[in-house]
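# Residue-level structural notes
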Amino acid sequence: MQYLSTRGKMAPARFRDILLEGLAPDGGLVVPSRYPRVDSLLAGWRGLSYAELALEVLSLYADDYERSELARLVGATYVPAVFGSEEITPSVQIEPGMHLLQLSHGPTLAFKDIAMQLLGSLFEAELDRRQEVLNILGATSGDTGSAAEVALRGRARMRVFMLSPLGRMSAFQRAQMYSLLDENIFNLAIEGSFDDCQDLVKAIGSDLAFKRRHRLGAVNSINWARIVAQVVYYFRGYFSVTKDESEVVDFCVPSGNFGNVLAGWIARQMGLPIGRLVVATNENDVLDEFFRSGRYRVRAGKETRVTSSPSMDISKASNFERFIFDMVDRDPQVLRELWWQIDTEGCFDLKDTPFWNAVAASGFVSGRSNHADRLATIRGQFERDGRVLDPHTADGVKVARELRREKVPMICLETALPAKFSETIREAIGREPDRPAAFVGIEDLPQRFEQLPADLARVREFVQTHAL
Ligand SMILES: *Cc1c(COP(=O)(O)O)cnc(C)c1O
């Protein structure tokens, strides 16, 4: 498998070459040269364990690895001790024809663990092979940072510098990150907003000499290996609600940066019988607007609203470029023009172009949820069967109910557990969400973090001093 850039100016590369990278050198996103079709393999994949299925999918995209090495890596990653069950991503019916694919039983209680845990193993193996070290620099408002830190803690060739906005995360999220006392983890609590944190990371990363000198890397949502890891559970979810490969299912995905649902699109392109991919957004409805109108308009930072499903609070969807690349027949020239329009005018519109037909045929539809919908969905589900949905998952379930079809099973992706968002749960149902035993009292554990002003020189200096 060869990898290319959506902007068309990267020399073809293999999986190992792109594994540790963020953006392609030309500013685009890395994509595989094709999506391998697996129609004839599907029936044989049905009975596989999660790790076996992950091996099959991964070996199509990482064919520069020995199969035995991939088998070792996925086998060590997808274990019940880490993900809480033999199935890894169990599914459960929440009403007739509607299922929840549970992706949140990993160590930080959000779906990001599934990809991040594999990424930790892949990074370590590659750095061992190259005899190199890597300093991961990132910004987080919650879920990504803790999933990355837990996946990378204690790994000898890596250090993690994670910027988070001081005092802006929940006590639970803070404890999840700051109570990691491993020597390779550095939590930088920045006196500023999440946007300030992101700007600092961008500013440091754009100094290429500094980046190279200190071997800086990232694990953000555009990393290709993370997307591939997520493709696996679409197959898993499909097999768990169908009896044979003649059946079609729909998926509904609570979305922000478009990484999760992009993996569904890839599974569909590979031949998994997915009918519709339902994108659910919160009040930050950039994606819903696009799928309804054809207009993709990125929001200014201050236009982005702080909501009660915070992990979907985005001003632009960083993985969207990969999908649009497919919609424009993978023509990098067209893609570059569209992104030039975003840079100059803040938007593009596909409605009256030939490409809108491709979007209509893609199976994508969308809907939107708001705070009141979220609370009502959590409350309604709780009253019906005692199940407590996390706020992001509730956005998905709300939209799935509006867009589900007769006789087509709908699989809603559960993206986090409610324990992470107790304030909203209390508001919805008047009680605390249950907490997995391992998390009881985590707010009282000793914490280690470095408080720094939102000042580029100070943050740079900290990274420089503590990097490997
Ligand atoms: C990251 C996240 C999302 C959004 O996923 P994308 O891949 O960015 O679309 C939704 N829900 C939760 C709980 C998340 O952590």
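See the structure printed just above.
Here is a short report on the structure shown in this document.

Bringing the overall build of the protein chain into the picture now. Within the protein chain, the secondary structure is distributed over 20 helices and 15 strands. For the protein chain, whose C-alpha radius of gyration is 21 Å, the value lies close to the compact-globule estimate of 23 Å for 468 residues. The dimensions of the protein chain, computed from C-alpha atoms along their principal axes, are 60 × 55 × 50 Å. Looking at the protein chain as a whole, 58% of its 468 residues qualify as buried. Relative to all contacts within the protein chain whose residues are 6 or more apart in sequence, the contacts with residues 24 or more apart total 76%. Accessible surface computed for the protein chain: about 18400 Å², of which carbon and sulfur atoms make up 48%. Charge centroids of the protein chain, computed over 56 positive and 63 negative side chains, lie 1 Å from each other.

With that out of the way, let us pick up the sheet that holds strand S14 (residues 410–414). In spatial order, the strands read S3-S4-S14-S9-S10-S13; together these six strands make up an open sheet with mixed pairing. Two strands lie at the open edges of the sheet, namely strand S3 (91–95) and strand S13 (364–368), each paired on one side alone. Strand-to-strand twist across the sheet, computed as the mean angle between neighbouring axes with direction ignored, equals 25 degrees. Note that strand S4 (residues 98–102) and S14 share five bridges and pair parallel. Of the residues in S14, the one forming a bridge with Met-98 is Met-410. Packing against the sheet, helix H12 (residues 259–269) makes contact with strand S9 (249–254), strand S10 (274–281), S13 and S14, and its axis sits at approximately 170 degrees to S10.

Neighbouring residues of the ligand: 15 residues in total, closest Lys-112, Asp-143, Gly-256, Asn-257 and Asn-260. Asn-257 is positioned such that a nitrogen or oxygen atom in its backbone is 2.7 Å from an oxygen atom of the ligand. At a separation of 3.2 Å, an oxygen atom of the ligand approaches a polar backbone atom of Gly-259. In the complex, 96% of the free accessible area of the ligand, which totals 380 Å², lies under the protein chains. The class makeup of the residues in the shell around the ligand is five nonpolar, eight polar and two charged.

Here we come to helix H8 (residues 171–178). Among the eight residues of H8, six are classified as buried, and the element is accordingly described as predominantly covered. Listed as buried for H8 are Phe-172, Gln-173, Ala-175, Gln-176, Met-177 and Tyr-178. Its buried side turned inward, H8 meets helix H7 (143–152), strand S6 (158–165) and strand S7 (185–191).

Here we come to the pattern of salt bridges. The tally for this structure, following the rule as stated, stands at 33 salt bridges. Across the pair Arg-297 and Glu-289 runs a salt bridge, and its minimum N-O distance is 4.0 Å. Put simply, Arg-435 and Glu-443 hold a salt bridge, and the shortest N to O gap is 2.6 Å. On the accessibility criterion, Arg-435 (29% relative accessible area) is partly exposed. Judged by its relative accessible area of 30%, Glu-443 is partly exposed. Members of the salt-bridge network, linked through shared partners, are Arg-16, Glu-69, Glu-126, Arg-129, Arg-130 and Glu-132.

This part covers the environment of His-371. With respect to the secondary-structure elements, His-371 resides in helix H17 (residues 371–385). Judged by relative accessible area, His-371 falls into the partly exposed class, the value being 28%. For the pair formed by His-371 and Asn-282, sequence separation is 89 residues and the distance between their alpha carbons is 8.1 Å. Those residues in contact with His-371 that sit more than four places away from it in its chain are Glu-283, Ser-308 and Glu-427. A polar atom in the side chain of His-371 sits 2.6 Å from the side chain of Ser-308.

The interhelical angle for the contact between helix H3 (residues 50–61) and helix H11 (residues 224–241), taken along N-to-C directions, is 130 degrees, at an axis separation of 9 Å. Put simply, H3 runs oblique to H11. Along this stretch, H3 crosses H11, giving a crossing that reads as right-handed. In this structure, H3 contributes Tyr-50, Leu-53, Ala-54, Val-57, Leu-58 and Tyr-61 to the contact, and H11 contributes Trp-224, Val-228, Ala-229, Val-231, Val-232, Tyr-233, Phe-235, Arg-236 and Phe-239.

As a further point, take the side chain of Asp-143. Residue placement: Asp-143 occurs in helix H7. At 2.6 Å, the side chain of Asp-143 forms a polar contact with the side chain of Ser-311. When sequence neighbours within four positions are dropped, the list of residues in contact with Asp-143 reads Ala-110, Lys-112, Gln-173, Ser-311, Lys-420 and Phe-421.

Calculation rules
- Residues numbered from 1 in each chain as written.
- Predicted model: local features only at pLDDT ≥ 70, side-chain atom pairs only at ≥ 80, totals over all residues.
- Heavy atoms only, no water.
- Helix = DSSP H or I, 4+ residues; strand = E, 2+ residues; numbered from the N terminus.
- Rg over C-alpha atoms; globule rule 2.2 N^0.38 Å.
- Buried < 20%, exposed > 50% of the residue type's maximum accessible area, 1.4 Å probe, protein only.
- Contact = heavy atoms within 4.5 Å.
- Areas by Shrake-Rupley, 256 points an atom, 1.4 Å probe, with all protein chains shown as cover.
- Lys, Arg positive; Asp, Glu negative; His and termini not counted.
- Charge placed at Lys NZ, Arg CZ, Asp CG, Glu CD.
- Pairing = 2+ DSSP bridges.
- Axes fitted to C-alpha atoms, helices over the stretch in contact; angles between N-to-C directions.
- Near = heavy atom within 4 Å.
- Polar contact = N/O pair within 3.5 Å; in protein donor to acceptor, adjacent residues only side chain to side chain.
- Nonpolar A, V, L, I, M, F, W, Y, C, P; charged D, E, K, R; others polar.
- Salt bridge = Lys/Arg side-chain N within 4 Å of Asp/Glu carboxyl O.
- Parallel < 35°, antiparallel > 145°, perpendicular 65-115°, else oblique.
- Left-handed = near helix turned anticlockwise from the far one by under 90°.

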